Amino acid sequence: MAISGLAFSCKPQFSFRPSIFHCIRKVRFSSVAAVEMLDEPESLIKESLRNSVGEFVDRKIPEWKKLNAKDLGISTSMIDKPTRKVLNGLKKKGYEVYLVGGCVRDLILRRIPKDFDILTSAELKEVVRAFSRCEIVGKRFPICHVHLEDTIVEVSSFSTRGQKFGRNFRHELERPIGCDEKDYTRWRNCLQRDFTINGLMFDPYAKIVYDYMGGIEDIRKAKVRTVIPASTSFQEDCARILRAIRIAARLGFRFSRETAHFVKHLSLSVLKLDRGRLLMEMNYMLAYGSAEASLRLLWKFGLLEILLPIQAAYLVHNGFRRRDKRSNMLLSLFSNLDKLLAPDRPCHGSLWVAILAFHKALCDQPRDPLVVAVFSLAVHNGGDILEAVKIARRITKPHNDSFYELLEPRDLHFQMLKDEVMDLAESTKGALSKMTDEHFVSQAMAGYPRAPFSDLVFISLAVYLKACKIFDCVREGAERGFVPKQGSKIDYESLAFGSLRELRHTFARIVFDTVYPLNLA
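Residues numbered from 1 in each chain as written. Predicted model: local features only at pLDDT ≥ 70, side-chain atom pairs only at ≥ 80, totals over all residues. Heavy atoms only, no water.

A.B. asks: Help me get a handle on helix α20 (residues 414-435), residues and values and all.
C.D. replies: Given a rise of 1.5 Å per residue, 22 residues ought to cover 32 Å, and the 32 Å separating the end C-alpha atoms of α20 matches this to within 8%. Those residues of α20 that fall on the buried side of the exposure criterion are Leu 417, Glu 420, Val 421, Leu 424, Ala 425, Thr 428, Lys 429, Ala 431, Leu 432 and Met 435. If you follow the buried residues of α20, they end up packed against α15 (309-317), α17 (349-364), α18 (369-380), α19 (385-392), α21 (438-443) and α22 (461-476). (Helix = DSSP H or I, 4+ residues; strand = E, 2+ residues; numbered from the N terminus. Expected span 1.5 Å × (residues − 1). Buried < 20%, exposed > 50% of the residue type's maximum accessible area, 1.4 Å probe, protein only. Contact = heavy atoms within 4.5 Å.)

Structure (structure tokens):
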């Protein structure tokens, strides 16, 4: 298969792009919207800019709180077994240990954490000596990976994280009055977190949650707020912009006014991230059960046209406004994906890439609902179109006629139906190629002069090839030895690792539920 014309993540990212700093300057004083200005009250913009140049110490310091974990509904039984083993192993050796970050937030919200992060007073070398299978990873901010069976538990050290100071702050942080050494160490560590709701520490042995940044109050207000001024925070680490979107989408939280302002006005800075990191961040958004909300927020804050210009062009073409509450076929597909996933039940990244490609193919050439049904069933069964046609012809439910991507049903004889299904498979493969072609991507929003220039392709070759394999069976004929999945139960471990059987089953289910929704009258 020839792929020389494709632009996968191994290629340089900025070959013909203007200077990123020029782009950032440009976006601060104009909109990144494609056809619709992202209006904001002038008073908010002035206040936000004033905050962005102020010293951190000029901000009102939140009242410190030490809360009983039981009062917050947290018990140690909510911590998974591998994490408890690591905590106990370090505690027995006399080290302080805490759970930190998003896992504490999720425990308070009665949500299942995606993972648990441990912070300890032990040096990383001491952590390595404490466990038989442990390694130090990362150069800039090293941490330990403790391997327990098939699980990796991440452990960071107070001493390592403390090294970040001096580079981010232009003055020595003074110890607040009445603050003991341990409080001061914990407080300094919390200052390095991205958002206040991630700046919580839980001591599972003392049963205390430490809140130095006002995170509990922001959880109560359902608000995402940066720990330090948003302008400084996002310029220090532009990946925080994407994490802000991801957290707000997953939790249904809103941004503080200052955070919202700089998510929007520093959006182009995400282009400084390497493509592997962008793919990872997009996968966190789209593969863990909050894809629809993530796409809506990316669109609302002007990031979709940078990261996924083809999908942004679809929204513009359909008159979808920044704060639009309506749905469409693209969002419905991802809504149905979300219904099957969760933070502890993700899918392989090739699945959401395949959904994007399938939808692009339908946008380019709308199809008869029966063609789409046969296509999805043929994907599920490994390419047996005859069997797929037999099943699809028994469908009596009405299709969703609100999507322009679906034509009015026609009376199609078998050969015509087969030809259209094969053509849809070919078109989907072509859409995948377009999504990995820098020139095509750069032209997606070319008709909208206010849109930022983006030829960004972050889909890796491995993900591209895996997505192609989902559909290849329809184009190439029934696969010998492929056994389609029976029943509706998903094997989530296999789905996360990219099992073709699970990917095809889940893809077909999402498409079928979108075209023939159960709740359609």
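A.B. asks: Before we move on, can you summarise helix α10 (residues 239-251) with the specific residues and values?
C.D. replies: Taking 1.5 Å per residue, 13 residues should reach 18 Å; α10 reaches 18 Å between its end C-alpha atoms and fits that length. Counting buried residues in α10 gives 13 out of 13 residues, a clear majority hidden from the surface. Directly beyond the C-terminal end of α10, a positive phi value near 75° is found at Gly 252.

A.B. asks: An account of the side chain of Lys 223 is requested, with residue identities and associated values reported.
C.D. replies: With respect to the helices, strands and loops of the structure, Lys 223 is situated in strand β9 (residues 223-224). Buried and without a salt bridge, Lys 223 has Asp 218 as its closest oppositely charged side chain, separated by 5.5 Å. Excluding anything up to four places from it in sequence, Lys 223 contacts Ile 197, Asp 218, Phe 253, Arg 254, Phe 255 and Ser 256. (Lys, Arg positive; Asp, Glu negative; His and termini not counted. Salt bridge = Lys/Arg side-chain N within 4 Å of Asp/Glu carboxyl O.)

A.B. asks: I'd love a proper account of the pattern of salt bridges, names of residues and values included.
C.D. replies: The full count for this structure, using the stated rule, is 27 salt bridges. Ionic pairing is found between Arg 105 and Asp 106, a salt bridge with its closest N-O pair at 3.0 Å. Taken as a pair, Arg 105 and Asp 106 share a single burial class, namely buried. Notably, a salt bridge pairs Lys 360 with Asp 364, separated by 3.0 Å at the nearest N-O pair. Of this pair, Lys 360 and Asp 364 both sit in helix α17, four residues apart, roughly one helical turn. Under the relative-accessibility criterion, Lys 360 is labelled buried at 14%. Through salt bridges with shared partners, a single ionic network connects Lys 66, Asp 183 and Arg 186.

A.B. asks: Any details on the environment of Lys 93? Residues and values, ideally.
C.D. replies: By the element assignment, Lys 93 lies in the loop between α3 (81-92) and β2 (97-100). The class of Lys 93 is exposed, set by a relative accessible area of 51%. C-alpha of Lys 93 to C-alpha of Glu 126: the two residues are 33 residues apart in sequence and 9.8 Å apart in space.

A.B. asks: Got a sec to walk through the sheet that holds strand β5 (residues 143-148)? Specific residues and values, please.
C.D. replies: Pairing within the open sheet is mixed, and its eight strands lie in the order β1-β8-β7-β2-β3-β6-β5-β4. In this open sheet, the two strands that pair with only one neighbour each are β1 (65-68) and β4 (134-137). Direction aside, neighbouring strands of the sheet carry axes that sit 30° apart on average. Sheet analysis places β2 next to strand β3 (residues 117-120), joined by four bridges and oriented antiparallel. Of the residues in β3, the one forming a bridge with Val 97 is Thr 120. The strands touched by α3 within the sheet are β2, β3, β5 and β6 (151-157), with β6 carrying the most contacts at an inclination of about 40°. Lying on the sheet, helix α7 (residues 181-190) is in contact with β1, β2, β3, β7 (200-203) and β8 (208-211); it crosses β7 at an angle near 135°. (Pairing = 2+ DSSP bridges. Axes fitted to C-alpha atoms, helices over the stretch in contact; angles between N-to-C directions.)

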